[in-house]
Amino acid sequence: MRVARSADLGALVAERREQRGLSQEQLATNAGVTRDWLARFERGKPSVTLHRVFWVLEALGLTLEVHDDE
């Protein structure tokens, strides 16, 4: 999936969380964030803290790769 905005990454996380049968509360606990923070992240709010984004990705077994568009 191409991620160009915070909303794209939030949508990806929500999709993967649902595929794994996790509630927001369960993923938040696993990632060490609050459910409210996770809900804002999944909605694409750009004010989320970047290090917490990596905690959530790690809890889902995801990694982030950055590629040059050239």
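Scoring rules and cut-offs
- Residues numbered from 1 in each chain as written.
- Predicted model: local features only at pLDDT ≥ 70, side-chain atom pairs only at ≥ 80, totals over all residues.
- Heavy atoms only, no water.
- Helix = DSSP H or I, 4+ residues; strand = E, 2+ residues; numbered from the N terminus.
- Contact = heavy atoms within 4.5 Å.
- Areas by Shrake-Rupley, 256 points an atom, 1.4 Å probe, with all protein chains shown as cover.
- Lys, Arg positive; Asp, Glu negative; His and termini not counted.
- Charge placed at Lys NZ, Arg CZ, Asp CG, Glu CD.
- Buried < 20%, exposed > 50% of the residue type's maximum accessible area, 1.4 Å probe, protein only.
- Arc of directions from axis to C-beta.

Engineer: I'd love a proper account of the overall build of the protein chain, names of residues and values included.
Structural biologist: For the protein chain, the helix and strand inventory stands at four helices and zero strands. Seen through its C-alpha atoms, the protein chain measures out along the principal axes to roughly 40 × 25 × 15 Å. The contacts of the protein chain with a sequence gap of at least 6 include a subset with a gap of at least 24, amounting to 47%. Put simply, the protein chain shows about 4800 Å² of open surface, and 47% of that area lies on carbon and sulfur atoms. In the protein chain, which carries 10 positive and 11 negative side-chain charges, the distance between the mean positions of the two groups comes to 8 Å.

Engineer: How would you summarise the side chain of Glu42 if you had to cite specific residues and measurements?
Structural biologist: With respect to the helices and strands, Glu42 occurs in helix H3 (residues 35-42). Given a relative accessible area of 12%, Glu42 falls into the buried group. With near-sequence residues (within four places) excluded, Glu42 lies in contact with Gly10, Ala11, Val13, Ala14, Arg17 and Gln24.

Engineer: Explain helix H2 (residues 24-31) residue by residue, including any values.
Structural biologist: For H2, the full list of buried residues reads Gln24, Leu27, Ala28 and Ala31. The buried residues of H2 occupy an angular sector of 100° when projected down its axis, which confines them to one face. Exposed side of H2, more than 90 degrees from the buried face: Thr29 and Asn30 are the residues found there. Elements that come into contact with the buried residues of H2 comprise helix H1 (6-19), H3 and helix H4 (50-59).

Interpretation in functional terms is not warranted from these geometric data alone.
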